Each structure stands twice: as structure tokens, then as C-alpha cells.
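Okay, here's what each chain looks like letter by letter:
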Amino acid sequence: SARTSRGHSSPRPWPAAALHRRSDPTEATPPLVLAVASPTAQDRAELAALHRELIAAGQRGVAVIVATSDSPPVAAARLTVTEDAAVTVDIPGLRLTTGAASVPVDMLEPMAQVFRAAHLTTPATGPAAEPDTVPGLVDPAVGVLTLFDPAAMTPEVTADTAPPVAASPSAAVTAVEADPTLDEDLAAWQAGDPTRPRLAILGPIRAHFPGQISDSKHRLYTEMLLYLITRPGRSSDRAQIENALWYGHPAGEGTIRAAMARLRRWLGTRPDGGEWISEGNLPEGTFTVADGILMDWQLMLRLRERGDRRGEAGIGDYRAALQLVHGAPMQDRPDQGRYRRHYTWIDGSEISPIRMLGVVTDVAHRLASHSLSVGDPGTVRWSVGQAWL
């Protein structure tokens, strides 16, 4: 109950109880906005009392907008917009002043045309782009652009970019057969199998290896394994490792061999008794990582690829993929050490944080879109929350 005119002769209280009442207890409460122009001192006191009542009742989805000259805020939070488009936000623990974004409407469509052309047009001249050596990666732009103007776009649709569609049971079985160890690997990850090396990068970097480590250089060994396991063929020679991890500061063959020996010891032995990292006999010394080491990022790619192939049956794969996210990708990786720079090789690699963010967002979008279509808002909110991590 609010006064819409200064001429209202019988002020009534702002009844918080009315904001709680509804005929069906299970019905969702719609968002409410109370807009008050030039409130009197009594109005402001009643609004402050209403705010306290709503907080005490745990009410959500109610906003009070008060248009006034500069004066104390009605409640604990305050947002001020001035005529020159400066926006000031006052919230307990936060103070922010910024400019209001303003893009003229007549500029939006030309901008969209530029973005669309940049995405769909292949340059006629210039060097050819290096082919992507990592299978199963998704272009995050596709998921975004299909939301913008599907009718005006005709991108090539592939197994990597197609949205989930209904599939027959035989298609779901074929998708499982294409990656027969995925369920076993996922179960080992979820159970924290202590016998298998596990490497988490969808959040803070965490290495869980069954072997022994005898020094404090675990960050070096973790980065070395990440570099090897994300190379084409999971292999790299000594010179490449030195250039990537010691960046301009020669480490020497003895240093790299000693670090590799300690990394092998930390990884432990394979189920067949062999080593996880083998060394070839080439002059440069080629190191190759065997299959079987679990990494959350690679599990996500495998789950997304299988989910695409299984159609409706793949929704569970998308959910399992998002459950692997536990923070910003590699958010605690060091960038500078005492003797060398860390992760100088990461930007163009499979585990570039920007690339990982694109894939996480794409998977979240697919799961959220499906959940909206089947009336499951809880999963939609969870999907968005995982992407925001």
C-alpha cells in the first residue's frame, strides 16, 4: 500500500504482511518493486520500518526505489544515478562509482552484423590458422550467437557445435561404446580413487598422486605434467620442455632429467607395473605420458562430447561435467617464481583459462536450456551458479 499522490489525506502503513500473503502456499512469490517519488519524512520512516520487517521475515524479491534529492538512505543499500550518468552504489562492505553504459539503439544492429561477419567469414588472404590439435573442443561463440539471431545465421553445424537433440537408444549405446572407459574413469574421479593419479584444474590446482614426493617443488612437477599431458600425443622433448617451463633461462639436461625422475616417483607406478612417463631414445630425449591419468578438464571434454552424441540421454553427462567445476580455472597458479616464470606456455594451449571458461559456459548453457524446456528452474539456477564459479 503506497500513496501515489502527495494529496493523500489518510496515510496508511506499508503492510509487510501483505507482501507475504498468497492464496497458494506453493506459488512462487513474484518480484515486487515499490517506486516512491519525493517521500515525506513520515514516508521514509514507514519505508525504513518495512525494510526491517522484510529482512526479519526473510522476504526476497522486493525492491524499494526512492527518488529524492541527496539525503540519508531509507535502508542499508543505496544506488544513486546523476544526470551525467554517474552511478554510485553504496552497500555495506562495498563502495562503487562507475559510468552508466549507454549504446544508442541504432548502433546495436551494425555492431551485431560486424560480430556475425567476423564469426562466419573465412579470411581470403593471410596465413592459414594452425589446425586445432585438441579433439572435442567447442567454439564458445557458437552458443552465444545462436541466442542472438538464429534466423540470420547459417553456420556449419558439426557434432561439436550442434545443440542436444533427441536420439534413439541405439545412438546412446554407440556414444558409450565410442568412449568405453569414461564411466569407469568418472567413477574413479568421483570416488577419489587413491590408486590413480588425479589432477584438478577446474578451480584451484590440486594434484593427488599415489607416489611419494621428497621435496617442496611440487608446483614445478605439477606444471611439467600439465605441459606434457596437454601436448599432441601427450609427448614432448627436452628442448621443448626447457623452452616452455624455463622460458629463456637454460635449465640443462641434468635438471630436467632430475625433475622428471621425481615426477615419476610422485606419480607412482601404473597398474601393470610400468611408469606413467616413458623416455624415448632420441637425442633430445622424448618424454611421453601414458593414458590413464585422470584430469577434470579432460573428463569434462569427454562428457560434453558424449552428451552431444547421446541426445536427450546426454543431459546427465552435461550435469556430470558441470559438477567437476569447483572454481575459476587454475585460479591459484603462480606467475612468478624465484628462478623462473610459471605457465608462460598456457595461453595457446588446450588449458588456456579463456578456452576452459568458454567450454564451461557452453555446457552450462546447454543444461540450462534443456532444464528450462522441461520446467526445472532449480537445475537452471544450479547450472548458472556452476558457470559463475
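Quick note: structure is the one above.
Residues numbered from 1 in each chain as written. Predicted model: local features only at pLDDT ≥ 70, side-chain atom pairs only at ≥ 80, totals over all residues. Heavy atoms only, no water.

## Focus on the sheet that holds strand S6 (residues 198-200)
With mixed pairing, 3 strands are arranged side by side in an open sheet as S7-S6-S11. Every other strand in the sheet has two partners, leaving strand S7 (206-208) and strand S11 (294-295) as the edge strands with one partner each. In the sheet, S6 pairs with S11 via 2 bridges, with the strands oriented parallel. From the neighbouring strand, arginine 198 faces S11, where its bridge partner is leucine 294. (Pairing = 2+ DSSP bridges. Helix = DSSP H or I, 4+ residues; strand = E, 2+ residues; numbered from the N terminus.)

## Notes on the packing of aromatic side chains
If you walk through the whole model with that rule in mind, you get 3 aromatic pairs. Relative to tryptophan 266, the ring of phenylalanine 209 has its centre 4.6 Å away and its plane inclined at 65°; by these criteria the two rings are edge-to-face. Of this pair, phenylalanine 209 sits in the loop between S7 and helix H6 (218-229) while tryptophan 266 sits in helix H8 (residues 253-267), placing them 57 residues apart in sequence. The pair formed by phenylalanine 209 and tryptophan 266 is uniform in burial state, with each residue classed as buried. Judged by centre distance (5.8 Å) and plane angle (35°), the rings of tyrosine 343 and tryptophan 345 are tilted. For tyrosine 343, a relative accessible area of 6% corresponds to the buried category. Assessed through its relative accessible area of 11%, tryptophan 345 is described here as buried. The structure contains a cluster of three or more aromatic residues connected by ring pairs, namely Tyr227, Tyr343 and Trp345. In this arrangement the basic side chain of arginine 319 is found over the ring face of tryptophan 382, its NZ or CZ atom lying 5.1 Å from the centre. (Phe/Tyr/Trp six-rings, centres within 6.5 Å; stacked < 30°, edge-to-face > 60°. Buried < 20%, exposed > 50% of the residue type's maximum accessible area, 1.4 Å probe, protein only. Lys NZ or Arg CZ within 6 Å of the ring centre and 35° of its normal.)

## Thoughts on the packing of H6 against helix H7 (residues 238-245)
Where H6 contacts H7, the axes come no closer than 11 Å and their chain directions differ by 120°. Our classification of the angle between H6 and H7 gives oblique. For the pair H6 and H7, the crossing hand works out as right-handed. Where H6 approaches H7, its residues Leu220, Glu223, Met224, Tyr227 and Leu228 are matched on the opposing element by Gln240, Ile241, Ala244 and Leu245. Split by residue class, the contact of H6 with H7 holds 7 nonpolar, 1 polar and 1 charged. (Axes fitted to C-alpha atoms, helices over the stretch in contact; angles between N-to-C directions. Parallel < 35°, antiparallel > 145°, perpendicular 65-115°, else oblique. Left-handed = near helix turned anticlockwise from the far one by under 90°. Contact = heavy atoms within 4.5 Å. Nonpolar A, V, L, I, M, F, W, Y, C, P; charged D, E, K, R; others polar.)

## A word on the sheet that holds strand S8 (residues 235-237)
Sheet strands pair via backbone hydrogen bonds, and the direction of the pair is either parallel or antiparallel. Here 3 strands make up an open sheet; going across it, the order is S8-S10-S9 and the pairing antiparallel. Strands at the two margins of the open sheet, each flanked by one partner only, are S8 and strand S9 (277-279). Neighbouring strand axes in the sheet, compared pairwise and without regard to direction, differ in orientation by 20° on average. Here S8 pairs with strand S10 (residues 286-289) via 3 bridges, running antiparallel. Opposite aspartate 237, over in S10, you have threonine 286 as the bridge partner. Packed on one face of the sheet, H8 meets S9 and S10 and runs near 145° to S9.

## Looking at unusual backbone geometry
At arginine 234, a position not held by glycine, the phi torsion is positive, near 55°. Along the chain, arginine 234 turns up in the loop between H6 and S8. The class for arginine 234 is buried, based on a relative accessible area of 15%. In this model, tyrosine 343 sits at a positive phi of 55°, which is unusual for a non-glycine residue. Tracing the chain through its elements places tyrosine 343 in the loop between helix H10 (315-323) and helix H11 (353-373).

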